[in-house]
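# Structure at a glance
Residue-level listing of the chains:
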Amino acid sequence: MIRSPSARRLAGIILCLSGLLGSADWAQATIVFEAPRQIDVGTDPSAATFVGGDPGALLVASGDGITAFHREAGGIVRSERSPTGRGAQVLAAGRLGRDGVSRVAFATRDGAQVRIAPLDARGGVGAEEIVTLPAAARAARIAALSTAGSALLVLHDDGLSVIVQGARGWERRELAAPRFGADLAVADIDGDGHLDVIVADSAGGELHILRGDGDGAFASAPGLPSGRAPRRVLVGDVTGDGRLDLLSLGDEGLLLHAAATDGSFGAAQRLLDSPTLADAGFADVNGDGRTDLLVTDRSRGAMSVLLASAGGGFESGDAYLVGAAPATLLVGDVDGDGHVDGLTFSRLGGGATLLRGQGDGHFVGVPCALTSLGDLTAIVAADFNGDGDIDLAVASEEGGSVGLFLGNGDGQFRTQPPIAVGRLPRALTVGDFNQDDRPDLAVASFGSDSAVILIGDGTGGFAPPRSVAVGTGPIAISVGSFSSPTSDDLAIVNSLSNSVSILYSDGRGQFPNVNTFPVAARPNFLIVGDTNEDGNQDLVVGSEFSDSVAILLGTGAQLAAPKTNQLSGNAKPSAAEDFDRDGQMDLVNPDEIGGAIEILPGTGEGTFGKAVRVEVGRDPHSVVTADFDHDGRSDIAVAHRSSQTIAILMNRSPATKPVVPKRRDGRTT
């Protein structure tokens, strides 16, 4: 008999009854999960940049103004906040002008002007000078286009302005460039010693190249088709041949234009396929001398690592949660430890996330697995391929499939091809239905009114799915030993027919006997356990919308007809695990609306301490617990419904002294 790690005990899924469970503030409980470092950069951060490309000096524009940060004692700390520049969406900083003074240039999208101000040694912003633009600014860069000092290039809705410091102040001239350009980059892309300008023409679907002559003049080159709606452009030698390549992000994902020996660029090669990529950066993150890529996805709220391979391509590395809708990514050694870090900024919820690089291609943060299955509705854990590492399986309602992720034993997972299981799979469970000591899967298929059985082969593969008819609208499923102590039978809640179906296993992977019982309206969960302590497993069926549950008592050979019990409050299923190893079960529930999971530390006698809240990003829908990294502590995997992301929360809780439960009279038991 096989159970998923969180279902090996009755408390693996328990009832959390409002009005019945007490709570207590218990100082001894210390539940800690690894998380990336969050940096307070102000309200609603709108733009960020390194000063002069130095990762040790950072400017962030937000609703509070422009905040300067600097590197100190292995971290990054705030040094100055200026009220100027509130809500600036365009930001550039570095040595600007003939005098070589460090300056910041910033603009908002609601005005046709850019403001230029000096920066003091701590990053404080001095008196502003305003330069009028033909239209609202979209992006800005500082670059030395000629020997006359660094210039400010501002991309705006009508084209491109070049602003230089003249004898009487700032002077502006216009360059021919696409209207409503989305982004620009400045680099010597043809190796002639002169800086060129590349503009992402979102409307035209191309990269527009302006080749510089070293005296501040530019000549337009033919546009380079770069997919649909490119909105970000980057320049760097990502192929390792010594020539600068072009990267673009747009509706067709991350595209690479490899540089040719004659100074031209090849057709777009897709490196990552997603229409919601937000930003990218490149650096050698694993110390192999090759240029790797970091890419953020605003829909998934994640940063992905693409590792350069010896053959010239890229391989998928790890992915990490970075908060809701990341907008900007900065890549560099932010904390000064010699390793490349990733720093992301999110306007939804505010703040910045620092993913500290370890120098080996890994980062300190919340690892996650990214899927393309469709909405995720359920998740389970077991060792499906028999290698001793815990794996994951998820159900996708939208994709009509089950996705398998094989664990590496360190919290990272390898994606396997999906398995089609029919229409609208809503729930998933693990068992050993043919008694071969290899984990199998059972799926509640809402759209086909059936249970779908997948018999595992112990190597990560599964036999073709078989269906067993149940009631209408199956929505929850669980394994129980109802017909014998060694059987893995199934119980399924049918939400549209207001019933529960019991599928009795024959021990050979078949379910020849099915009993269906009526229950109260709108059932949506079930719990297996010995409710009357007679040694037989029973079944509890309930609804989050009702204060009554149906209890089907087990006889050891079958389940009896349901009896209805009233509760003092509504029931809610909660996963349970002893995260701090104090001998008491802690509860964990996803907060789908709040983008977090909440853990209630058990304190004994049915009471719980103050909730521990872990932010995990958009729409966490279901959770499963298991030890993914073999450290003896139970970790949590969180399936995010519409963002199609599986977050892995690594447990870092110290061992806690076991609780000695007290009786109601105050004496210990």
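Throughout what follows, the structure given in this document is the object of discussion. It should be emphasised that the depicted structure is a prediction, and the values quoted were computed from it without experimental measurement.

All right, on to the pairing of strand 25 (residues 277-283) then. For a regular strand, side chains alternate in direction, first toward one face of the sheet and then toward the other. Burial of strand 25 is extensive: 6 of the 7 residues sit out of reach of the surface. When strand 25 meets strand 26 (residues 292-297), the two strands line up antiparallel, connected through 6 bridges. Within strand 26, the residue paired with A283 across the bridge is D292.

The residue D437 is not glycine, and still its phi comes out positive at about 65°. Tracing the backbone shows D437 in the loop between strand 39 (425-431) and strand 40 (440-445). Its relative accessible area of 61% is what places D437 among the exposed residues. A positive phi angle, close to 50°, is found at N498, a residue other than glycine.

Right, let's get into the pattern of salt bridges. Throughout the structure, instances matching the rule amount to 33 salt bridges. One salt bridge connects R138 with D157, and the closest N-O pair in it is separated by 2.4 Å. A residue pair is termed long-range when its members are at least 10 positions apart, and R138 in strand 12 (residues 137-146) and D157 in the loop between strand 13 (149-156) and strand 14 (159-166) qualify at 19 residues. In this structure R138 comes out as partly exposed when scored by relative accessible area, which is 27%. Given a relative accessible area of 13%, D157 falls into the buried group. In this structure, R172 and E174 form a salt bridge, with 2.7 Å as the shortest nitrogen-oxygen distance. Residue classification places R172 among the partly exposed positions, given a relative accessible area of 39%. In this structure, a network of salt bridges that share partners links the residues E34, D629, D631, R633 and R652.

Tracing the chain through its elements places V624 in strand 57 (residues 620-626). Note: C-alpha distance between V624 and D432 (192 residues apart in sequence) is 18 Å.

Turning our attention to the nonpolar core. Judged by nonpolar contacts, the single largest core of 19 residues is most densely connected at V588, I597, I599, I636 and L649. Going through the elements one at a time, strand 28 (314-321), strand 53 (596-600), strand 58 (635-640) and strand 59 (645-649) are the ones with two or more residues in this core. Those residues in contact with I636 that sit more than four places away from it in its chain are F33, F579, V588, I597, I599, V623, V624, T625, F628, A647, I648 and L649.

With that settled, the discussion passes to the sheet that holds strand 14. Here we have 4 strands laid out as an open sheet, ordered 12-13-14-15, and antiparallel in their pairing. A strand with exactly one partner marks an edge of an open sheet, and here the two such strands are strand 12 and strand 15 (169-175). Neighbouring strand axes in the sheet, compared pairwise and without regard to direction, differ in orientation by 25° on average. In this sheet, strand 13 lies alongside strand 12 in antiparallel orientation, the contact comprising 7 bridges. Each residue of the ladder has a partner; that of A140, found in strand 13, is V154.

Take the sheet that holds strand 27 (residues 302-308) next. Hydrogen bonding along the main chain pairs the strands of a sheet, whether they run parallel or antiparallel. Sheet architecture is open: 4 strands sit in the order 25-26-27-28, paired in antiparallel fashion. Lying at the two open borders of the sheet, with one neighbouring strand each, are strand 25 and strand 28. In this sheet, neighbouring strand axes are inclined to one another by 20° on average, regardless of whether the strands run parallel or antiparallel.

For the rest of this paragraph, the subject is the packing of aromatic side chains. All told, the structure shown has 5 aromatic pairs when counted by the stated rule. Their ring planes at 75° and their centres at 5.5 Å tell us that F33 and F579 sit as a pair that is edge-to-face. Pair noted here: F33 is in the loop between strand 2 (22-23) and strand 3 (37-39) and F579 is in the loop between strand 51 (571-577) and strand 52 (586-591), with a separation of 546 residues, a long-range link. Residue classification places F33 among the buried residues on the basis of a relative accessible area of 9%. By relative accessible area, which is 0% here, F579 ends up buried. Considering the side-chain rings of F413 and F628, the 5.6 Å spacing of their centres and the 80° angle between planes classify their relative orientation as edge-to-face. Placement of the pair is F413 in strand 37 (residues 413-415) and F628 in the loop between strand 57 and strand 58, with a sequence separation of 215 residues. Accessibility classification places F413 together with F628 in one group, the buried group. The ring of F446 has R426 sitting right over it, with the charged end atom 3.9 Å from the ring centre. Looking at R522, its charged tip hangs above the ring of F545, at a distance of 4.0 Å from the centre.

Conventions adopted
Residues numbered from 1 in each chain as written. Predicted model: local features only at pLDDT ≥ 70, side-chain atom pairs only at ≥ 80, totals over all residues. Heavy atoms only, no water. Buried < 20%, exposed > 50% of the residue type's maximum accessible area, 1.4 Å probe, protein only. Helix = DSSP H or I, 4+ residues; strand = E, 2+ residues; numbered from the N terminus. Pairing = 2+ DSSP bridges. Salt bridge = Lys/Arg side-chain N within 4 Å of Asp/Glu carboxyl O. Core = buried A, V, L, I, M, F, W, Y, C linked by side-chain atoms within 4.5 Å. Contact = heavy atoms within 4.5 Å. Axes fitted to C-alpha atoms, helices over the stretch in contact; angles between N-to-C directions. Phe/Tyr/Trp six-rings, centres within 6.5 Å; stacked < 30°, edge-to-face > 60°. Lys NZ or Arg CZ within 6 Å of the ring centre and 35° of its normal.

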